[in-house]
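Observations on the three-dimensional arrangement
Next come the chains, spelled out residue by residue.
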Amino acid sequence: MGKSSILKSIKENKPTLISLPEIDINSFEEAINLLETFKKNVESVGGSIKELGQIQDLDLEIKNRYPNAKRIFSQISESVLGNVQISEQTKPHDLENLDLAILKGEFGVAENGAIWISDAQFSIRILPFITNDLALILQKKDLCLHMHDAYKIIANRTRTFGLFISGPSKTADIEQCLVIGAQGAMSLTIFLV
């Protein structure tokens, strides 16, 4: 059977299109504590949470959490720990030995413990995946309930690269054996301010 006959057969046997269901977004409103739900869900996906009384405590807490981190990139002005410089000319291979990346999370999603980050926070897209450990700084006030709210928030953004990160990298594709750090950071800590 040739390529053209296969494509012809597919075209002739396409299923009837079904319209998407109407979803009443307001029916998803729940009276829950966003902060507590977010913290519980971050921990359930393998991340860790550290609440800070004030942002000035950040570097001390990062040093306590990551005492062996030597090569550190910090995107945030509140941390002076960064000793690796990154620009748009930095080659991804130059970051292969990066111990820790410290980035700002734009907002968090309570229902799944995910944090939205965009390339406004880092110029090399591979950064959150190539670093050994990832620290995200997030304001407690920047939480939403669920992904419906999250997509409303990012709908009006400039269409650049962004992603939701939920816990450290993990996969159980092979023989359903959980592997941490297979495609990204070995750990994720969210510092809540």
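To be clear, the structure that these remarks concern was listed above.
Just so it is clear, the model here is predicted, and its values are computed rather than measured. (Residues numbered from 1 in each chain as written. Predicted model: local features only at pLDDT ≥ 70, side-chain atom pairs only at ≥ 80, totals over all residues. Heavy atoms only, no water.)

1. Some thoughts on the sheet that holds strand 5 (residues 114-118)
For the record, the criterion: Two strands are said to pair when DSSP picks up at least two bridges between them. The secondary structure listing takes helices from DSSP runs of H or I that are at least 4 residues long and strands from runs of E that are at least 2 residues long, numbered from the N terminus. We call two residues in contact whenever any of their non-hydrogen atoms come within 4.5 Å of each other. Here, axes are lines fitted to C-alpha atoms. For helices the fit covers the stretch in contact, and angles between N-to-C directions go from 0 to 180 degrees.
The 4 strands lie next to each other as 7-4-5-8, forming an open sheet whose pairing is mixed. Of all strands in the sheet, those with a lone pairing partner are strand 7 (143-144) and strand 8 (162-165), marking the two edges. Where strand 4 (residues 107-109) meets strand 7, 2 bridges bridge the pair, whose relative direction is parallel. Paired with glycine 108 across the two strands is leucine 143, which belongs to strand 7. Running over the sheet, helix 5 (residues 147-155) touches strand 4, strand 5, strand 7 and strand 8 and is turned about 155° from strand 4.

2. Observations regarding helix 3 (residues 58-65)
Applied cut-off: Type-normalised accessible area, obtained with a 1.4 Å probe on protein chains alone, sets the label of each residue: buried when under 20%, exposed when over 50%, and partly exposed for intermediate values. This arc corresponds to the set of directions leading from the helix axis out to the C-beta atoms.
Every buried residue of helix 3 is listed here: Leu58, Asp59, Glu61 and Ile62. All buried residues of helix 3 fall inside an arc of 160° around its axis, so they share one side. Residues of helix 3 that are exposed and point more than 90 degrees away from the buried face comprise Leu60 and Asn64. In the core, the buried residues of helix 3 are packed alongside strand 1 (48-51), strand 3 (100-104), strand 6 (133-138) and strand 11 (187-192).

3. Comments concerning the pairing of strand 5
Burial analysis of strand 5 places 5 of its 5 residues in the buried class, which makes it a mostly covered element. Burial along strand 5 is two-sided: the face carrying Ala114, Trp116 and Ser118 and the face carrying Ile115 and Ile117 are both buried. Both strand 4 and strand 5 contribute to a ladder of 3 bridges, which runs antiparallel. By the bridge assignment, glycine 108 is partnered in strand 5 with isoleucine 115. Alignment of strand 5 against strand 8, held across 4 bridges, turns out to be antiparallel. Within strand 8, the position partnered with isoleucine 117 by the bridge is leucine 163.

4. Digging into the environment of isoleucine 165
With respect to the helices and strands, the residue isoleucine 165 is situated in strand 8. A sequence separation of 117 residues divides isoleucine 165 from serine 48, and the C-alpha atoms of the two residues are 13 Å apart. Residues within four places of isoleucine 165 in sequence aside, it is in contact with Gly113, Ala114, Ile115, Ile117, Pro128, Leu134 and Leu188.

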